[in-house]
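# Observations on the three-dimensional arrangement
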Amino acid sequence: MNKWKKNLLAAAVLLVVCAGIYMNWMYSNAEDVADLTDKLDSETVMSPNGIILDTNGDNINLDTAIDYFAAVRLSRQEARDSAVNLLQEAMAYGDEEQKQASGEQLEKIVQTALCEAQIESLIIAKGYRDCVAYMSETGISVAVASPEGGMDEQDVAVIADIVLTQTDLTMEDIRVVDVQ
């Protein structure tokens, strides 16, 4: 009798879990999810004008700053994944010189990703809601969710200090963007 109750309980839990997965699948398929990968790239995100947030034309409609940060992270990760795949193919099929060059570029991508993640974590730890760091060969751009009252010089100094301690960049190489 005790074994029968355990089996019944396990079946009930399994049924509830399966129903939850099915409902989650149905809900996620019902939502209209925008594909931002064609419209977001590093040049668009970190350009002086940034992304125009409206509903006209080909511009991106992002309802909140949280969507902005998620979209930028997704775009950045997809671009990196594509580059890593190309480098891995070059390493698999290239000659020794190509393999070495591809390995060095792959190491650089990994180090850049780790540095960006560290900077983002430290900025969020300082009390900012969200941020995205994008490093390029010419410097770093850090988009930060605007605190109440907007960003002031002290906020920029805190962010710049974090970047300076985590990288070999100079103040001239740092760009802080206030995302409203």
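Below you will find a few notes about this structure. (Residues numbered from 1 in each chain as written. Predicted model: local features only at pLDDT ≥ 70, side-chain atom pairs only at ≥ 80, totals over all residues. Heavy atoms only, no water.)

## Here's the deal with the packing of helix α4 (residues 96-125) against helix α5 (residues 153-166)
To keep things clear, this is the line we draw: Comment: axis = line fitted to C-alpha atoms, over the contacting stretch for helices; angle = value between 0 and 180 degrees taken between N-to-C directions. A run of H or I in DSSP becomes a helix once it reaches four residues, and a run of E becomes a strand once it reaches two; helices and strands are each numbered from the N terminus. Helix crossings fall into two classes, left-handed where the near helix is turned counterclockwise from the far one by less than a right angle and right-handed where it is turned clockwise. Whether two residues are in contact is decided by their heavy atoms: any pair within 4.5 Å suffices. Note that Gly is not counted as nonpolar here; it falls among the polar residues with everything else outside the nonpolar set of Ala, Val, Leu, Ile, Met, Phe, Trp, Tyr, Cys and Pro and the charged set of Asp, Glu, Lys and Arg.
The contact between α4 and α5 brings their axes to 10 Å, and the two run at 145°. The way α4 lies across α5 gives a crossing that is right-handed. Touching C115, Q118, I119, L122 and I123 of α4 are I159, I162, V163 and Q166, all from α5. Classifying every residue of the contact of α4 with α5 by side-chain character gives seven nonpolar, two polar and no charged.

## Describing the side chain of D130
Condition: Definition of a polar contact: a pair of N or O atoms within 3.5 Å, with one able to donate and the other able to accept a hydrogen when the atoms are protein atoms, and with sequence-neighbouring residues admitted only if both atoms are side-chain atoms.
You can see D130 is positioned in the loop between α4 and β1 (131-136). Only 2.5 Å separates the side chain of D130 from the side chain of R73, close enough to count as a polar contact.

## Some words on the pattern of salt bridges
Note the following rule: By salt bridge we mean one thing: a side-chain nitrogen of Lys or Arg within 4 Å of a carboxyl oxygen of Asp or Glu. Accessibility here uses a 1.4 Å probe with only protein chains present; expressed as a share of the type maximum, an area under 20% marks a residue as buried, one over 50% as exposed, and anything in between as partly exposed.
Taken as a whole and assessed by the stated rule, the structure comprises seven salt bridges. The partner of E116 in a salt bridge is R76, and the shortest N-O contact between them spans 3.4 Å. Remark: R76 occurs in helix α3 (residues 65-93) and E116 occurs in helix α4; sequence separation between them is 40 residues. Taking the shortest distance from any N to any O, the salt bridge between E96 and K99 comes out at 4.0 Å. Residue E96 and its partner K99 are both found in helix α4; the two are separated by three residues, about one turn of the helix. Residue classification places E96 among the exposed positions, given a relative accessible area of 59%. The class of K99 is partly exposed, set by a relative accessible area of 30%. Taken together, the shared-partner salt bridges in this structure form one network comprising R73, R76, R80, E116, E120 and D130.

## Some details on the pairing of strand β2 (residues 139-145)
As a reminder of what qualifies: DSSP calls a pair of strands paired once it identifies at least 2 bridges connecting them. Whether a crossover is right-handed depends on one test, that the path from the first strand over the helix to the second runs clockwise when the strands point away from the viewer.
Where burial is concerned, most of β2 is hidden: seven out of the seven residues are buried. Residues G139, S141, A143 and A145 point to one face of β2 and I140, V142 and V144 to the other, with burial holding for every one of them. Judged from the six bridges that link them, β1 and β2 form a sheet pairing that is antiparallel. Pairing of M135 across the sheet is with I140, part of β2. In sequence, β1 turns back onto β2 through a hairpin of two residues. Since β2 and strand β3 (residues 174-179) lie parallel, the crossover through α5 that links them has a hand, and here it is right-handed.

## Focus: α5
Just so we agree on the cut-off: Helix span, as expected, comes to 1.5 Å for every residue beyond the first. What the arc measures is the spread of directions leading from the helix axis to the C-beta atoms.
The end-to-end C-alpha separation of α5 is 20 Å, in line with the 20 Å expected for 14 residues at 1.5 Å each. Of the residues making up α5, those classed as buried are D155, I159, A160, I162 and V163. Buried residues in α5, looked at end-on, bunch into an arc of 155°, giving them a common side. Residues of α5 that are exposed and angled more than 90 degrees away from the buried face: E153, Q154 and T165. Structurally, α5 contributes buried residues whose contacts are with α4, β2 and β3. Sitting at the amino-terminal end of α5 is D152, which places a side-chain oxygen 3.2 Å from the backbone nitrogen of Q154.

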